[in-house]
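Coordinate analysis (summary)
Here is what each chain is made of, one letter per residue.
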Amino acid sequence: MANTKLTLTPPAARQLIAMAVLAALAGLTACTSVTVAPPAGVAVPAAFDAVPAPAASASGAAGAEATAATDLARWWLALNDPTLNQLMATGLQANADIRIAVDRVKEARALLTQAESALYPTVVAGAGVGRSNPNQSLPKLALPGGIPLPLPSAMPMTSLSTAGFAAAWEVDIFGARRSDAEAAAQAALGYQERQHGAQMLLVSDIASNYFEARSVERRSAVLARSIATAQRLQRYAQGRFDAGQATRADIDRARSLVEELESQRQPLDMLLGVRLRRLAVLTGQAPQALSALPPQAQVLRMPAELPPVLPSEVLERRPDVRGSANLVRAQAAKLGSAKAELFPKFTIGFLAQSGHIDISGLPKSSGSGSAWGLGVTLPVFEAGRIRANIAAQDARLDAAAAQYEQAVLSALEDVENAYNAVRALDSRATLLAQSTRSAQDGAAHAGSLFEAGRGVLQTVLEAQLKALQSEDALIQTQTAQAVTTVQLYKAIGGGWTPGQP
């Protein structure tokens, strides 16, 4: 068999080449007609009502923003609490939600590579060999009417081998494949923002539960002192009753106070167990793994000054807002891809193959061939499928834009609410601290009068219980203040590092 080469006839080749060139020239302008820009963002105020604008530093606004971003990324480090720092490090490394989010990012990036592969030619290669059994019997064949065909009764030994490759490429003139790749890229960025959001939520949950646990420890210590004081008051009332200086009502009142305080012990222990189990799960451990927190060197104090930020900075940092923007861009790209289906598709193909065949008793034969061609497809009738898909993608784009607008408004609302809540709790904590100091001073003065013989012990003990009650209220307010400050850090997008892969 002689070597052969397959080619298109010159007229057909020239026609397809001319069509491809004309389509490419038209595509230079047509491709812009299917590009869809994301909807314009909502109007953002220049500053928050309850937040002072950040002051410019000596090194310039850029340096101030970089410093603020660094502080917000690991805001808990400023508290200098080793236990909290360890919980944060463990949680960010071992938390199941974080690992799931990371795997979703990996999946989205793999899908992006898959979508981008459509922009390049596809080349495949193949080869094969074969050999038939010697003297293989053939079935008896006959024509209609029973006339036998003159065929040999057996096939001689035969061997053959082939090898070749093929290539195909869809020329993305109208941007359909580029739009698909852009949609996949924005989806991957959206999953990355979900990972950042998971980190931000995890940091907030760990800090809130840690502050609650430390608060329960402090309240339990105050409760123990209150119970001891109430028991002393009960013994004092019993002694006065035995001496005929008090009534049975005085004893009952003192016993009732002790029992009331004792009833608070178990709920506090239960609450501490809940917080510890939650911290264990958040850090990727079994609920029973964390039975107690290490001793705390000093009482935790939140920063006195709140971080000053601008609305524009919040929107740049909030992962949910950034992810919603990625969703809008992805949906805009999908709309562009849907519109590109109205235009022709052009493909280029090439095939090359060679091989030989050896039939026993006949001369060997070999040959090779190649073929190339240009193709074009244009939708003529598809019962409105393409335009219906365009309408659906357009509606999804509108929904994505509305979701982005809602994310922006919710972010701004969260910051305003958090700042106002922190300021209100700051004011309450200041007044309660003054009230606690006054109650402690009153208890000290009552003790001095008793020691000087100018007062009774009951007055001293009741003043001490009042001071302990004020101290417990102060601890609860300080805890609410700390948790609300954590919510503020979360509202302004703290807890993850910008530029983080």
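For the structure given in this document, a descriptive report is provided here. (Residues numbered from 1 in each chain as written. Predicted model: local features only at pLDDT ≥ 70, side-chain atom pairs only at ≥ 80, totals over all residues. Heavy atoms only, no water.)

This part takes up the overall build of the protein. The number of helices and strands found in the protein is 11 helices and eight strands. Here the protein holds 501 residues, and the buried ones make up 35% of them. The contacts in the protein between residues at least 6 apart in sequence include a share of 84% that link residues at least 24 apart. When the accessible surface of the protein is summed, it comes to about 28100 Å², and 58% of that surface belongs to carbon and sulfur atoms. (Helix = DSSP H or I, 4+ residues; strand = E, 2+ residues; numbered from the N terminus. Buried < 20%, exposed > 50% of the residue type's maximum accessible area, 1.4 Å probe, protein only. Contact = heavy atoms within 4.5 Å. Areas by Shrake-Rupley, 256 points an atom, 1.4 Å probe, with all protein chains shown as cover.)

With 67 residues, helix H10 (residues 385–451) ought to run about 99 Å at 1.5 Å a step, and its terminal C-alpha atoms sit 95 Å apart, in line with that. At the C-terminal side of H10, Gly 453 shows a positive phi close to 80°. (Expected span 1.5 Å × (residues − 1).)

Here we take up unusual backbone geometry. Excluding glycine, residues mostly have negative phi values, and the peptide bonds linking residues are mostly trans. Located in the positive-phi region is Asn 80, a residue other than glycine, with phi close to 55°. Following the sequence through the fold, Asn 80 ends up in the loop between helix H2 (61–73) and helix H3 (82–94). With a phi angle near 55°, Ala 383 is a residue other than glycine that sits in the positive phi range. With respect to the helices and strands, Ala 383 occurs in the loop between strand E8 (365–377) and H10.

With 13 residues, H3 extends 18 Å from end C-alpha to end C-alpha; this agrees with the ideal 18 Å at 1.5 Å per step. The complete set of buried residues in H3 reads Thr 83, Leu 84, Leu 87, Met 88 and Gly 91. Angular distribution of buried residues about the axis of H3 spans 135°; they occupy a single face of the element. Exposed residues lying more than 90 degrees from the buried face of H3 are Pro 82, Gln 86 and Gln 93. On its buried side, H3 packs onto helix H4 (96–116), helix H5 (176–242) and helix H7 (265–282). Where H3 starts, the residue carrying a side-chain oxygen 3.0 Å from the main-chain nitrogen of Thr 83 turns out to be Asp 81. (Arc of directions from axis to C-beta. Polar contact = N/O pair within 3.5 Å; in protein donor to acceptor, adjacent residues only side chain to side chain.)

Of all hydrophobic cores here, the largest spans 62 residues; its most connected members are Trp 75, Leu 84, Ile 206, Tyr 210, Phe 211 and Ile 492. Elements with a contribution of two residues or more to this core: H3, H4, H5, helix H6 (248–262), H7, helix H8 (311–317), H10 and helix H11 (457–491). Take this core: its biggest share by element is 13 residues, from H5. Apart from the residues within four sequence positions on either side, Leu 84 is in contact with Trp 76, Leu 79, Ile 206, Ala 207, Tyr 210 and Phe 211. (Core = buried A, V, L, I, M, F, W, Y, C linked by side-chain atoms within 4.5 Å.)

The subject of this paragraph is the packing of H5 against helix H9 (residues 319–340). Interhelical geometry of H5 versus H9 gives an angle of 165° and a closest axis separation of 8 Å. Overall, the two elements H5 and H9 adopt an arrangement that is roughly antiparallel. Seen from above, H5 lies across H9 with left-handed handedness. Split into classes, the residues belonging to the contact of H5 with H9 amount to nine nonpolar, nine polar and seven charged. (Axes fitted to C-alpha atoms, helices over the stretch in contact; angles between N-to-C directions. Parallel < 35°, antiparallel > 145°, perpendicular 65-115°, else oblique. Left-handed = near helix turned anticlockwise from the far one by under 90°. Nonpolar A, V, L, I, M, F, W, Y, C, P; charged D, E, K, R; others polar.)

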